[in-house]
Amino acid sequence: MSRRPRATALAATVAVGALALIAAPIPANAADATGAGDELTGVALIPAPTELTGGAGAPVELGPGSVIKVHPRDDGAAEVGEGLAELLRDATGYAVPVGQRAAGASQGATIVLSTRGDAALGDEGYRLEAEGARVSIEAHSAEGLFRGVTTLRQLLPDEIESAGASGIDWAVPAVSIGDAPRYDYRGAMLDVGRRFYPVEDVKRFIDQMALYKYNALHMHLTDDQGWRLTVDARPELTQIGASTQSGWKPGTGGPWFYTKADFREIVDYAAEHFIEVVPEIDGPSHAMAAKASIPEINCDGKATAPYSGFDVGLPTICLSPEKRAEVRAYLQDVFTEAAQQSSSDIVHIGGDEVPSTTQEQMDWYVETSSEILTEQGKRIMGWHQIGASPLPEGAIMQWWADAGDQASIGTPNERPDVRELRNALAQGATVVASPADRSYLDMKYDATVPYGLSWAGLVDLERSYDWDPISVTSSVDGSVSLATEEQIEGVEAALWADRAYYGSTKLPTSLDQFIPVSQYADFVSFPRMPAIAEVGWSAPEVRSFDDFERRIVAHADRWDEMGIGYYKAPDVPWQE
Ligand code: TNX
């Protein structure tokens, strides 16, 4: 998946915005839950589309004769159509043939899919019309069509998410939708370093991401507590570095890593959902698993003991001049193989929480990593500390600041983080916003939550929803704004796993406190992951927390169908 140039992205947004004005759209909140009889009753789309109007005609009824029509040479539509057909077949039991000649819709409506829509729709935009005997979705790419099909999925009854729910009325309300994302990059991060997610659990997370139109899975593959990626040139990294997780010493299970086939399976599964996989190899800190595996990246040339504790800010790999050739060789091996195994044009180099290095050492680390990855044709991404160093063209800085950092913007005492942001922007870098006090899914929703941390504060649903990348790169009163809209690449929800156990205000005393990893992920991600999806996708004009709350409550039934164990946050008016 290649990203479109910013200029086109903006043109597409403006074009859809202009359409929205002409069509005098009903805001997404028009589907008032109390508006019985209103044709938009029950429509609860997340993220909110750019333009949504209720059609005057009848709802679309799918039935045993329903077909998906695609043009014979439209391979993208055929592929996306087959995915939709599988979903429909599982849930409805109907045959749902796909093809040009799929005809005979006497007992059910036709779904028409096309990737031959106007170029102004951009890579991910689409138009969806539903009325009477027909649903049509048109995009300019398979990816855009997939996003449109995702909207159709949310227009169908909740039972679409479960297999074998026959006997219900498979109706789609009459609607007209024009839609395109605000930002190109809408990521979610899994910390498989602290806590390993088996392939099936990663796939489950990908399913959840896809339903909310995320397009980048950032895998934090290495940390102090574990190394998860197979690197052929350095087998020790998984032989030794994969023997630990946070709280799990060598010999308590494992090893915990992805074989090449496993990783391929994840990348392919993500690609089927139009999600790219951004691999992260963290360094020069957060690298104890590598230091335990490879003696020559330590200043004394000796391997460290495998680490399974809960600290951050631990020693870095050796950055003294006499060790640089060996460290460079290590970086060459790990970044090359990470680049080759992944599907994104971005590789994440970490760079966070580095203790006791000089700026010269950090610069060497960032420049060396960048050189290796530039040779591989990749862009680099890094936590915002990389902003203090010279950055290559196309670099992305991931802004993970908390409220205190933001509050210092424009004051005489701007924090170093803010200087890093300014420096990165001045070099032409773009920003992915993942403010810790908004989009860190490991922050507790409230003080009663038994998992996670609260160093950036408590993050309830409204806090995770009510921000955007411009607001978190501006002073509190908005008078000093550091990034322009063009310099924002997107947003990311970050699911760290430092405290993925029950009773997380204290360190665990027994392995029994570790709940299954998907149970942890479901709980901390829902309802907040859909909120951050809307921050990344939806135009500011169609966003409001009150309306989002109405829609999120409606989605809870869908999560029940999917078996997602979400947090029934007490401040959200869930329905019985
Ligand atoms: C900070 S955010 C970290 C991570 C922790 C996280 C926990 C960042 C770049 N570094 O190492 O997992 O806080 O909330």
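The model shown is predicted, which means the values in this text are computed figures rather than measured ones.

A. Summary view of the overall build of the protein chain. Along the backbone of the protein chain there are 16 helices and 18 strands. By the compact-globule yardstick of 25 Å for 576 residues, the protein chain fits well, its C-alpha radius of gyration being 24 Å. Counting every position in the protein chain, which comprises 576 residues, the buried fraction comes to 62%. Within the protein chain, counting contacts between residues at least 6 apart in sequence, those at least 24 apart form 76% of the total. As displayed, the protein chain has an accessible area near 20400 Å², and 53% of this comes from carbon and sulfur atoms. Each charge class in the protein chain can be summarised by its mean position, and for the 45 positive and 85 negative side chains these summaries are 2 Å apart.

B. Examining the packing of helix H8 (residues 324-341) against helix H9 (residues 359-375) more closely. Interhelical geometry of H8 versus H9 gives an angle of 40° and a closest axis separation of 9 Å. Put simply, H8 runs oblique to H9. Viewed along their axes, H8 and H9 form a crossing whose handedness is right-handed. Every residue of H9 that contacts H8 at Arg 324, Val 327, Arg 328, Leu 331, Gln 332, Phe 335, Thr 336 and Ala 339 is listed here: Glu 360, Gln 361, Trp 364, Tyr 365, Thr 368, Ser 369, Glu 371, Ile 372, Leu 373 and Glu 375. Here the residues of the contact of H8 with H9 sort into eight nonpolar, five polar and five charged.

C. Layout of the pattern of salt bridges. Counted under the stated rule, the structure contains 33 salt bridges. Salt-bridge contacts for Lys 260 lead to Glu 337; the nearest nitrogen and oxygen are separated by 3.7 Å. In this pair, Lys 260 is assigned in helix H6 (residues 260-272) and Glu 337 in helix H8, connecting sequence segments 77 residues apart. With a closest N to O distance of 2.9 Å, Arg 422 and Glu 414 form a salt bridge. Residue classification places Arg 422 among the partly exposed positions, given a relative accessible area of 37%.

D. Representation of the site of the ligand. For the ligand, the set of nearby residues contains 13 residues, the closest of which are Arg 194, Tyr 440, Asp 442, Trp 455 and Asp 498. Residue Arg 194 places a side-chain N or O atom 2.8 Å away from an oxygen atom belonging to the ligand. Contact between the ligand and Asp 352: a nitrogen atom at 2.9 Å from a side-chain N or O atom of the residue. Protein chains shield 99% of the accessible area of the ligand, which is 360 Å² for the free molecule. Per-class residue counts for the shell around the ligand are seven nonpolar, one polar and five charged.

E. A look at the side chain of Asp 352. Its place among the elements puts Asp 352 in the loop between strand S14 (346-348) and H9. Despite its burial, Asp 352 pairs with no opposite charge; the closest candidate is Arg 194, at 6.2 Å N-O. Separated by 3.1 Å, the side chains of Asp 352 and His 286 make a polar contact. The residues contacting Asp 352, other than those within four sequence positions of it, are Asp 282, Ser 285, His 286, Trp 383, Gln 385 and Trp 400.

F. Quick look at the state of the cysteines. Evaluation of the coordinates by the stated rule reveals one disulfide. Each sulfur in the disulfide pair Cys 299 and Cys 318 lies 2.0 Å from the other. Here Cys 299 and Cys 318 share a disulfide; its torsion about the S-S bond, 90°, makes the bridge right-handed. Of this pair, Cys 299 sits in the loop between helix H7 (288-293) and H8 while Cys 318 sits in the loop between H7 and H8; the two residues are 19 residues apart in sequence, bridging distant segments of the chain. The exposure class of Cys 318 is buried, given its relative accessible area of 2%.

G. Spotlight on the domain arrangement of the protein chain. Looking at the assigned domains, one finds that the protein chain contains domain 1 (17-179) and domain 2 (185-541). For the pair domain 1 and domain 2, the summed buried area comes to about 1500 Å², and 60% of that belongs to carbon and sulfur atoms. Together, Pro 47, Phe 146 and Arg 147 form the three largest contributors to the area buried by domain 1 at its contact with domain 2, with a combined 37%. With a shortest N-O distance of 2.7 Å, Arg 186 and Glu 124 are connected by a salt bridge.

H. Region of the structure containing the nonpolar core. Leu 113, Tyr 197, Leu 217, Met 219, Trp 227, Tyr 258 and Tyr 330 are the most contacted members of the largest nonpolar core, which totals 154 residues. Both domain 1 (17-179) and domain 2 (185-541) contribute no fewer than three residues apiece to this core. Those residues within four positions of Leu 217 in sequence are excluded, and the remaining contacts are Ala 188, Leu 190, Val 202, Phe 205, Ile 206, Met 209, Ile 266, Ile 275, Glu 276, Val 277 and Val 278. Grouped together as the second largest cluster of nonpolar side chains are 11 residues, Trp 400, Ala 436, Val 459 and Trp 496 included.

I. Representation of the sheet that holds strand S3 (residues 67-69). On the basis of which strands lie adjacent, the open sheet formed by six strands has the order S1-S8-S5-S6-S4-S3 and mixed pairing. A strand with exactly one partner marks an edge of an open sheet, and here the two such strands are strand S1 (51-54) and S3. The mean angle between the axes of side-by-side strands here comes to 10°, regardless of whether they run parallel or antiparallel. Pairing analysis gives four bridges linking S1 to strand S8 (residues 175-179), with the strands arranged antiparallel. Bridge pairing links Leu 52 to Ile 177 in S8.

J. Highlighting the packing of helix H4 (residues 199-211) against H6. Packing of H4 against H6 leaves a shortest axis separation of 10 Å and a crossing angle of 15°. In terms of orientation, H4 lies roughly parallel with respect to H6. Crossing of H4 over H6 shows right-handed handedness. On H6, the residues that touch Val 199, Glu 200, Val 202, Lys 203, Ile 206 and Asp 207 of H4 are Asp 262, Glu 265, Ile 266, Tyr 269 and Ala 270. By residue class, the composition of the contact of H4 with H6 is six nonpolar, no polar and five charged.

What counts, and at which threshold
Think of each chain on its own: its residues are numbered from 1, step by step along the sequence as written. Restriction of local features to residues with pLDDT of at least 70 applies here, the model being predicted, together with a cutoff of 80 or more for giving and counting side-chain atom pairs; totals for whole chains, interfaces and linings are based on all residues. Excluded from the side-chain calculations are hydrogens and water; all other atoms, namely the structure's heavy atoms, are used. Helix and strand assignments follow DSSP, with helices taken as H or I runs no shorter than four residues and strands as E runs no shorter than two, numbered in order from the N terminus. Each radius of gyration is computed over the set of C-alpha atoms, and the globule rule expresses the reference value as 2.2 Å times the number of residues to the power 0.38. Under the scheme applied here, a residue whose accessible area is under 20% of the maximum for its type counts as buried, over 50% as exposed, and between as partly exposed, the area being computed with a 1.4 Å probe on protein chains only. We call two residues contacting when some pair of their heavy atoms lies within 4.5 Å. A 1.4 Å probe and the Shrake-Rupley method give the accessible areas. Residues count as covered only by the protein chains that appear here. Only four residue types enter the charge count: Lys and Arg as positive, Asp and Glu as negative, with His and the chain ends excluded. Charged side chains are reduced to one point each, which is NZ for Lys, CZ for Arg, CG for Asp and CD for Glu. To obtain an axis, a line is fitted to C-alpha atoms, over the contacting stretch when the element is a helix, and the angle between two such axes runs from 0 to 180 degrees between their N-to-C directions. Here the word oblique covers every angle except those under 35 degrees (roughly parallel), over 145 (roughly antiparallel) and from 65 to 115 (roughly perpendicular). Crossings are classed by handedness, with left-handed meaning an anticlockwise turn of the near helix from the far one by less than a right angle and right-handed meaning a clockwise turn. Three residue categories are used. Nonpolar comprises Ala, Val, Leu, Ile, Met, Phe, Trp, Tyr, Cys and Pro, charged comprises Asp, Glu, Lys and Arg, and polar comprises the others, including Gly. Any carboxyl oxygen of Asp or Glu within 4 Å of a side-chain nitrogen of Lys or Arg constitutes a salt bridge here. Near is defined per residue: the residue qualifies when any heavy atom it owns lies within 4 Å of the molecule or strand. For the purposes of these results, a polar contact is taken to be a pair of N or O atoms within 3.5 Å, where, inside protein, one atom must be able to donate a hydrogen and its partner to accept one; residues adjacent in sequence count only when each atom of the pair is a side-chain atom. Defined by distance alone, a disulfide is two cysteine sulfur atoms within 2.5 Å. Residue ranges labeled as domains rest on an automatic or database domain assignment. Two parts placed together each lose some accessible area; with a 1.4 Å probe, that loss summed over both constitutes the buried area. In these notes, a set of buried Ala, Val, Leu, Ile, Met, Phe, Trp, Tyr and Cys residues joined through side-chain atoms within 4.5 Å is what counts as a nonpolar core. Strand pairing is assigned whenever DSSP detects at least two bridges linking the two strands.

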